[in-house]
Amino acid sequence: MPDKADKGAGLSDGGAGLSRETAARRLEDLRRAIRHHDYQYYVLDHPEVSDADYDQLMRELLRIEAGHPDLVTPDSPSQKVGGLAAPTFSPVRHRTPLLSLENAYSQAELEDFDRRVRSLVPGEDVGYVAELKIDGLSVALRYENGVLVQAATRGDGEVGEDVTANVRTIKTVPRRLKPLGDGARRALAQPDLFSRAPSGWTMIVRGEVFMPVEAFEKVNRARQEAGEQLFANPRNAAAGSLRQLDPEVTAGRELDAFIYEILRCDPPAVAPETHRETLEFLAELGFKTNPESRPCPDIAAVAEYCRGWDERRFDLPYETDGVVVKVDSIEQRARLGVRAKSPRWSIAFKYPAQKAETKVRDIVVNVGRTGILTPVAELEPVRLAGSTVSRASLHNEDIVREKDVHIGDTVIIQKAGEVIPEVVEVVKAKRTGAERPFQMPTTCPVCGAPVVREPGEAAHRCTNGLACPAQVWESLVHFASREGMDIEGLGPKIIDQLLTTGLIHDPADLYRLTEEQLAELERLGPKSAQNLVRAIAASRARPLNRLLFALGLRHVGDRAAYLLADHFGRLERLQAATEAELREVPEVGEKIAASVTEFFAQDVNRDLIRRLVESGVNTVMPGSGAAGGGTGPGGTAAAKPLAGLTIVLTGTLATLERGEAEELIRNLGGRPSSRVSKKTDYVVAGENPGSKLDKARELVSSGQAPGLKIIGEDEFRRLIGRA
């Protein structure tokens with residue numbers, strides 16, 4: 001812990017009053033202390049300080065870094081989100097292949113595995129380590145000089161995807177490894193290599209990124225409120241979260257990770273003799289390892305471990321679908337070798353799918369944001385895989401027909417590692433004749449409008465569009481969501497009240513709301529009303545891709561919205577595009593192209609967009625080459641102080657909201673951009689700046705952008721005439 005006597009230094013002036021040398025020393029002390037407490041809290045679950053004391057350390061770090069932005073480092077604890085929203089994920093060829101595992105489904109198959117192992121090392125004692133098989137996503141993490149520089153998904157084992165920016169948001173993945181003490185040196189071939197901290201070396205480790213059950217349920221509740229498709233299980237949720245184009249979205253998903261293997265070390269300094277020593281060494285470096293791993297002297301002990309976790313696994317805070325069994329001796333592993341795709345020294349024992357019998361009380365139909373009708377089986381509650389199940393999605397009419405599910409049927413439901421159960425089959429032998437076939441409604445159960453099923457599609461859809469109350473509510477929740485216009489404080493309950501009182505009818509009406517109107521709503525006083533009006537105003541400056549996603553065009557998710565916005569640059573150009581022009585955009589196929597043209601052809605949607613534009617909502621994609629120029633309203637470029645300048649904001653500004661700052665830049669003739677390049681004129685570094693600052697420094701120091709200037713918030717305010 002830093003000395004309390006130092007804590008107040010530099011706080012009143014944001015750290016700028018400290019000399020550069022003093023600030024650098026203080027930052028190193030603070031970073032070391034915060035990393036230690038992060039490890040104690042997130043990895044060991046054993047905090048040593050109160051939240052208030054931790055927050056005080058973090059606040060001091062942020063203030064000093066704000067006063068000395070040139071001292072911000074990529075591995076600083078302040079850098080929670082480490083990268084720009086990416087248009088795609090770059091391929092990464094693994095230096096060491098990430099092998100898959102052969103599966104076993106019974107004790108007999110475990111014993112067969114044991115016999116094969118022993119036949120290859122005849123006469124030797126063979127010990128195993130049993131670990132819970134985490135239901136997540138395998139990743140490889142590369143550290144250079146102790147600092148995380150790359151994270152990649154497994155992919156096909158040979159080539160994965162670069163997800164470094166997203167993995168950096170996972171609190172249990174260290175950005176910088178811990179210095180090694182004497183206790184760790186027994187695992188080293190060259191103990192003098194690590195005297196105080198890892199240096200002069202590269203290490204690649206493998207682990208599993210997963211979403212804890214509590215976080216999964218939280219994400220699905222939010223998606224349900226937003227009218228979005230639910231994740232089927234934590235593994236799907238983890239995979240989807242790790243492949244988000246915007247790291248800020250990943251950061252909000254509360255992912256976790258266990259590390260279990262050293263794939264490579266250059267120079268070859270690490271020489272553990274057993275898997276147990278490997279796990280101990282990884283923990284010494286600051287990685288989170290699974291505490292449920294157990295040494296097993298023989299395969300009988302392995303089988304006992306598997307049986308013990310068959311029921312207890314549902315008490316865990318994460319999903320597991322089996323046990324990974326590994327030969328403990330590293331030397332024996334080397335002699336056992338590998339097959340083409342899997343090692344001979346390891347196997348995965350998979351638990352059978354969990355099934356239960358229950359009855360279908362009813363089949364109801366939900367109406368989603370895009371008008372799709374989804375049949376849902378309401379079940380007699382039954383205990384299954386550690387939780388009580390009372391509903392199961394039947395997806396569409398074809399599934400209901402294929403499985404021949406009737407209201408009143410006795411059915412078998414199953415969870416095969418999935419939190420959302422599926423109806424496996426109907427127990428037709430238990431039919432009494434009182435069961436009723438399900439009929440998909442021909443009119444919307446909410447608004448009564450006709451329901452259609454387009455040729456070649458499985459889904460039925462309400463034809464009433466935003467005139468359907470269910471779709472209006474869902475569309476507004478979606479519009480305000482974090483991935484959309486990110487209107488903080490505008491949740492489903494507030495939207496309910498706004499619709500009920502008639503204050504709004506569609507998203508454009510949000511921008512006409514006043515503090516006085518909102519203050520009249522239940523549980524929304526003057527202060528909350530003021531904050532909500534500000535949040536709505538700030539959303540005007542969201543980039544075009546966020547607006548497109550928020551509008552909820554059918555088949556247009558966040559990636560398609562980004563690609564379209566980046567290609568066309570301006571909303572009016574996108575509106576005028578033909579299907580053929582839309583299909584020229586990479587990854588945009590016939591369905592998306594048809595959906596976009598259909599959306600913009602409808603009078604109600606054109607009117608909505610017209611009113612959004614009149615309300616001041618941004619319709620330009622910053623940084624897009626297709627966005628074009630323009631000086632904005634009110635005068636020529638020559639009369640504006642920022643005319644022709646490209647300005648990038650990074651971090652949090654103390655006196656200006658991000659949207660407000662970007663709007664000021666536009667009004668003064670400049671162009672706010674989300675990307676740092678050779679053409680950038682200014683990078684404004686606020687508190688907690690991200691990798692944009694690193695990129696700017698790199699361009700300046702290399703001489704690639706001699707005209708680029710890095711400034712703080714005070715200088716930015718002088719630049720825009722607000723000092």
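Residues numbered from 1 in each chain as written. Predicted model: local features only at pLDDT ≥ 70, side-chain atom pairs only at ≥ 80, totals over all residues. Heavy atoms only, no water.

This prediction gives the chain a mean pLDDT of 82; 86% of its residues lie at or above 70. Here residues 1-14 is a poorly scored stretch, pLDDT under 50, and it has 27 contacts once near neighbours within four places are set aside; other chains count. Confidence drops under a pLDDT of 50 for residues 182-197, and excluding neighbours within four residues, the segment shows 34 contacts in the predicted structure. (pLDDT = per-residue confidence, 0-100. Contact = heavy atoms within 4.5 Å.)

Now for the nonpolar core. One finds Phe-479, Ile-487, Leu-510 and Leu-564 to be the most contacted residues of the largest nonpolar core, which totals 55 residues. In terms of residue count, helix H17 (residues 558-568) provides more of this core than any other element does, 7 residues in total. Grouped together as the second largest cluster of nonpolar side chains are 35 residues, Val-173, Met-203, Val-205 and Ile-259 included. (Core = buried A, V, L, I, M, F, W, Y, C linked by side-chain atoms within 4.5 Å. Buried < 20%, exposed > 50% of the residue type's maximum accessible area, 1.4 Å probe, protein only. Helix = DSSP H or I, 4+ residues; strand = E, 2+ residues; numbered from the N terminus.)

Moving on, we get to the pattern of salt bridges. One pass over the full model with this rule turns up 43 salt bridges. Put simply, Asp-321 and Lys-133 hold a salt bridge, and the shortest N to O gap is 3.6 Å. Of the two residues, Asp-321 sits in strand S10 (residues 320-327) while Lys-133 sits in strand S3 (residues 128-134), which places them 188 residues apart along the sequence. Looking at Asp-321, the relative accessible area reads 15%, which means it is buried. A salt bridge links Arg-453 to Asp-398, with the nearest nitrogen and oxygen atoms 2.6 Å apart. Taken as a pair, Arg-453 in the loop between strand S19 (451-452) and strand S20 (460-462) and Asp-398 in helix H11 (residues 397-403) lie far apart in primary sequence, 55 residues in all. Bridged by salt links that share partners, the residues Asp-506, Asp-509, Arg-512, Asp-607, Arg-610, Arg-611 and Glu-614 form one connected network. (Salt bridge = Lys/Arg side-chain N within 4 Å of Asp/Glu carboxyl O.)

This part is about the sheet that holds strand S7 (residues 202-210). On the basis of which strands lie adjacent, the open sheet formed by 4 strands has the order S5-S4-S7-S8 and antiparallel pairing. Because the sheet does not close on itself, it has two edges, and the strands there are strand S5 (147-153) and strand S8 (256-266). Averaged over neighbouring strand pairs, the angle between their axes works out to 25° when direction is ignored. Of the strand pairs in this sheet, strand S4 (residues 137-144) and S5 are connected by 6 bridges, and their pairing is antiparallel. (Pairing = 2+ DSSP bridges. Axes fitted to C-alpha atoms, helices over the stretch in contact; angles between N-to-C directions.)

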